[in-house]
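# Coordinates in review
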Amino acid sequence: MDYQKLAELCFPEVTQTPEDLEKIYPPRQLPEGARVTRMAPSPTGFIHLGNLFGALTDERIAHRSEGGICLLRIEDTDEKREVEGAIPLLLEALAYFGITFDEGATADGETGNYGPYTQSHRGDIYKVYVKKLVSEGKAYPCFMSEDEIAEIRQYQTEHGINPGIYGEYARCRDFTLEQVEEHLKNGEKPIFRFRSEGDPEKYFTIVDGIRGEISMPENVQDVVILKKNDLPTYHFAHVVDDHLMRITHIVRGEEWMASLPIHVQLFDALGLEPPVFGHNTVLMKTDEATGQKRKLSKRKDPELSLEFYKKLGYFPEGVREYLMTILNSDYEEWRMANPEADLKDFDFQPSKMSSSGTMFDLNKLNDVCKDVLARKTAEEIYDFMYEWSLQYEPEKHAVIEADKDMLLKVFDIDRGGEKPRKDLVYAGQIFDFVKYFFDGYFEYESPWPAECSPEDCREILRLYIEGYDPADDNSAWFGKVRAIASQLGYAEKPKEYKKNPDMYKGHVGHVSSVIRIAITGRANSPDLWTIQQIMGREMVERRIAAATEQFK
Ligand code: GLU
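The structure contained in this document is the topic of the report that follows. One numbering rule holds for all chains: residues counted from 1, following each sequence as written. Residue-level local features of this predicted model are given only where pLDDT is at least 70; pairs of side-chain atoms are given and counted only at 80 or more, and the full residue set underlies all totals for whole chains, interfaces and linings. Note that the side-chain values use all heavy atoms of the structure and ignore hydrogens as well as water.

### Description of the overall build of the protein chain
- Along the protein chain, the regular secondary structure elements total 23 helices and 14 strands.
- The globule rule puts the C-alpha radius of gyration for 552 residues at 24 Å, and the 33 Å found for the protein chain is more than 25% above it.
- Each principal axis of the C-alpha atoms in the protein chain carries an extent, and together these give about 110 × 50 × 40 Å.
- Categorising residues by exposure relies on relative accessible area from a 1.4 Å probe, with only protein chains included: less than 20% of the type maximum marks a residue as buried, more than 50% marks it as exposed, and the intermediate range marks it as partly exposed. Relative to its 552 residues, the protein chain shows a buried fraction of 51%.
- By sequence separation, contacts in the protein chain at least 24 residues apart represent 73% of the contacts at least 6 residues apart.
- In this description, accessible areas are obtained by the Shrake-Rupley approach with a 1.4 Å probe, and a residue is regarded as covered only by the protein chains that are shown. Just so you have it, the protein chain exposes about 26,600 Å², and 49% of that area is on carbon and sulfur atoms.
- His residues and chain termini do not enter the charge count, which takes Lys and Arg as positive and Asp and Glu as negative. Charged side chains are reduced to one point each, which is NZ for Lys, CZ for Arg, CG for Asp and CD for Glu. Averaged over its 68 positive side-chain charges, the protein chain has a centre that lies 4 Å from the centre of its 97 negative ones. Under the DSSP-based scheme used, a helix requires at least four consecutive residues in state H or I and a strand at least two consecutive residues in state E, with every element numbered from the N terminus. Taken over C-alpha atoms, the radius of gyration is set against a globule rule of 2.2 Å times the number of residues to the power 0.38. Throughout, a residue-residue contact means that at least one pair of heavy atoms, one from each residue, lies within 4.5 Å.

### A closer look at the packing of aromatic side chains
- Two aromatic rings from Phe, Tyr or Trp, using only the six-membered ring of Trp, form a pair when their centres are within 6.5 Å; if the ring planes differ by under 30 degrees the pair is stacked, by over 60 it is edge-to-face, and anything between is tilted. Evaluation of the coordinates by the stated rule reveals 25 aromatic pairs.
- With 5.2 Å between their ring centres and 80° between their planes, Phe 442 and Tyr 444 make a pair best called edge-to-face.
- Given a relative accessible area of 19%, Phe 442 falls into the buried group.
- Take Tyr 444: its relative accessible area is 28%, and that puts it in the partly exposed class.
- Among the aromatic residues, ring-to-ring pairing joins Phe 308, Tyr 309, Tyr 314 and Tyr 426 into one connected group.
- The rule is short: NZ of Lys or CZ of Arg within 6 Å of the ring centre and within 35 degrees of the ring normal puts a charge over the ring. Sitting over the ring of Tyr 114, Arg 28 keeps its end group 4.0 Å from the ring centre.
- Directly above the ring of Tyr 96 sits Lys 310, whose terminal nitrogen or CZ lies 5.0 Å from the centroid.

### What to know about the environment of Arg 60
- By secondary structure assignment, the location of Arg 60 is in helix H3 (residues 49–63).
- Along the backbone, Arg 60 and Phe 346 are 286 residues apart, and their C-alpha atoms lie at a distance of 9.2 Å.
- Those residues within four positions of Arg 60 in sequence are excluded, and the remaining contacts are Met 324, Leu 343, Lys 344 and Phe 348.

### Brief notes about the state of the cysteines
- Two cysteine sulfur atoms form a disulfide, by the criterion used here, when they sit within 2.5 Å. Taken as a whole and assessed by the stated rule, the structure comprises zero disulfides.
- Free of any disulfide, Cys 142 has its nearest neighbouring cysteine sulfur in Cys 172, separated by 4.0 Å.
- Judged by its relative accessible area of 2%, Cys 142 falls in the buried class.
- There is no disulfide at Cys 457, and the cysteine sulfur nearest it, in Cys 452, is 5.0 Å away.

### Examining the site of the ligand
- Taken together, the residues surrounding the ligand are Arg 38, Ala 40, Ser 42, Glu 75, Tyr 234, Arg 252 and Trp 256.
- Between a nitrogen atom of the ligand and a side-chain N or O atom of Glu 75, the distance comes to 2.6 Å.
- What qualifies as a polar contact is a pair of N or O atoms within 3.5 Å, subject to a donor-acceptor requirement within protein and to the restriction that residues adjacent in sequence count only when both atoms come from side chains. A distance of 2.5 Å is found between an oxygen atom of the ligand and a side-chain nitrogen or oxygen belonging to Tyr 234.
- The protein chains hide 83% of the 290 Å² of surface that the ligand would expose on its own. The nearness test applies per residue and asks whether one of its heavy atoms lies within 4 Å of the molecule or strand.

### Digging into the sheet that holds strand S5 (residues 139–142)
- At least two DSSP bridges between two strands are required for those strands to pair. An order of S5-S6-S9 is seen for the three strands of this open sheet, with the pairing classed as antiparallel. Two strands lie at the open edges of the sheet, namely S5 and strand S9 (224–226), each paired on one side alone. Strand-to-strand twist of the sheet, defined as the mean angle between neighbouring strand axes without regard to direction, takes the value 45°. Axis lines are fitted to C-alpha atoms, over the contacting stretch for helices. Their N-to-C directions set the angle, which ranges from 0 to 180 degrees.

### A look at the side chain of Lys 127
- Position of Lys 127 among the secondary structure elements: in helix H5 (residues 123–135).
- Residue Lys 127 is classed as buried on the basis of its relative accessible area of 9%.
- Setting aside chain neighbours within four positions, we find Lys 127 in contact with Phe 11, Glu 13, Val 14, Leu 226 and Asp 230.

### Here we look at the side chain of Arg 38
- On the secondary structure map, Arg 38 appears in strand S1 (residues 36–39).
- In terms of polar contacts, Arg 38 uses its side chain to reach the side chain of Asp 242, at 2.9 Å.
- Filtering out sequence-adjacent residues up to four positions away, Arg 38 remains in contact with Asp 58, Leu 71, Arg 73, Tyr 234, His 238, Asp 242, Ile 247, His 249, Ile 250 and Val 251.

### Regarding the pattern of salt bridges
- Salt bridges, as used here, are contacts in which a Lys or Arg side-chain nitrogen is within 4 Å of a carboxyl oxygen on Asp or Glu. Using the criterion set out here, one finds 45 salt bridges in the structure.
- Glu 103 serves as the salt-bridge partner of Arg 28, at 2.9 Å between the closest nitrogen and oxygen. Residue Arg 28 is located in the loop between helix H2 (18–24) and S1, and its partner Glu 103 is located in strand S3 (residues 103–106); the two are separated by 75 residues in the primary sequence. Taken as a pair, Arg 28 and Glu 103 share a single burial class, namely buried.
- Connected through salt bridges with shared partners, the residues Arg 38, Arg 73, Glu 75, Arg 122, Asp 241 and Asp 242 form a single ionic network.

Taken by themselves, the reported measurements are silent on function.
Now the structure itself:
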């Protein structure tokens, strides 16, 4: 068979050669060891944690190397899965979490010398390589109809034969030039299949950047490389793109692992050096109901969507920090040794990524956020709350805006120093945490202490307001609370009460609880004296008066 002739017959319009493309997309002039990575999403519209997880991986791997580049390529050759406007949304979501690209698709075009970066605009490029494979007898036009393929599949299933189009089932594989000409003359449009020379008995080994050395059987399938609509399949497109875009490291989901033999074969058939492949794991969680580990699910787990974190007001830095802890096994240790360092200084290594399911744990994320927020200034927390509420909580925004000075003081309680408070997690939670400072949001959330009768509560509040002086310092203030306790038959110290429980109604803690609940609505709060200093006399008096009403 004259394959050169076959190639001309199939692609008369293709005049460029791979050599021409090599000149247009030459090897990058980068420092030795620079890594080039890409995020290659299909625009399906659902933007999830896996996207961010992958993007952070690509970004870190590239930028940890001097001169490294991370680009964005849009894989939109599967028209069925495409959703309008998905890319700007994805870019926006990733930018919110601090991830931007050096090159590639943008919300309104693209930047860089290795484009186009959207696969549907690269049709002519793919054809150059399909033509090359056809001209070397490594790919061929296939005219089998959908029905024919379905029949074969059914036959194979019924007879327990490995399904697919290969060997004797690849009916067009050994067509003569005349047969092809005849089909073309009939106006039939072929798809193109790779002519696999794989041997199912043979294994090949490859070093996966994440999993280490792996061994897999060769591919035997004559996979489709170019579809009827002239667009390539993922298998073929990514091989051509990753080569021409001079990608050094591919990190992708483990669902692509099974087709790795196809990809290795395609790189080989094209005479191209494959990049390092790294297959990461899916995000898992422990199911609340069953206690079993399972994949995060779009249907069951709202935390899979990135919008979840934006809406609740998670600080992007906290989410990023947490993802780093599940991305690289020694990150936490590094962070402990370098609490103040920028996460960019961490030496991110693909080989330290998990190869057996990455556990995602919302509680752990919250803990990490507490640490991250403990290092923020009151001003930074306020500014974030301001922007978050502006976008998601207009009612809360009104009070956040009106009471800036008060909130700055609130956020400043026990901030800085050796042991900063760690009770702020995300904007929604922070608002709940401080909302008793706003009259419109104040409510009694804790029960009054059982040790104090309603009469005692009233009396505690009466005596308290009688002696209340905002000019008292913390110890003078607490001295007065003690005096009230003692006057009403409560121990001045919890220890005394524990020693002689029959001698007292309760202790000073119960008395101060009454005051605390009256002022904050809660049995637990940061230092009450400080809270009152921030609230000011008027609010304190108002709260005590309102609480007294509870005991009429
Ligand atoms: N478009 C593929 C996906 O969304 C990308 C896989 C890859 O990164 O190569 O799964």
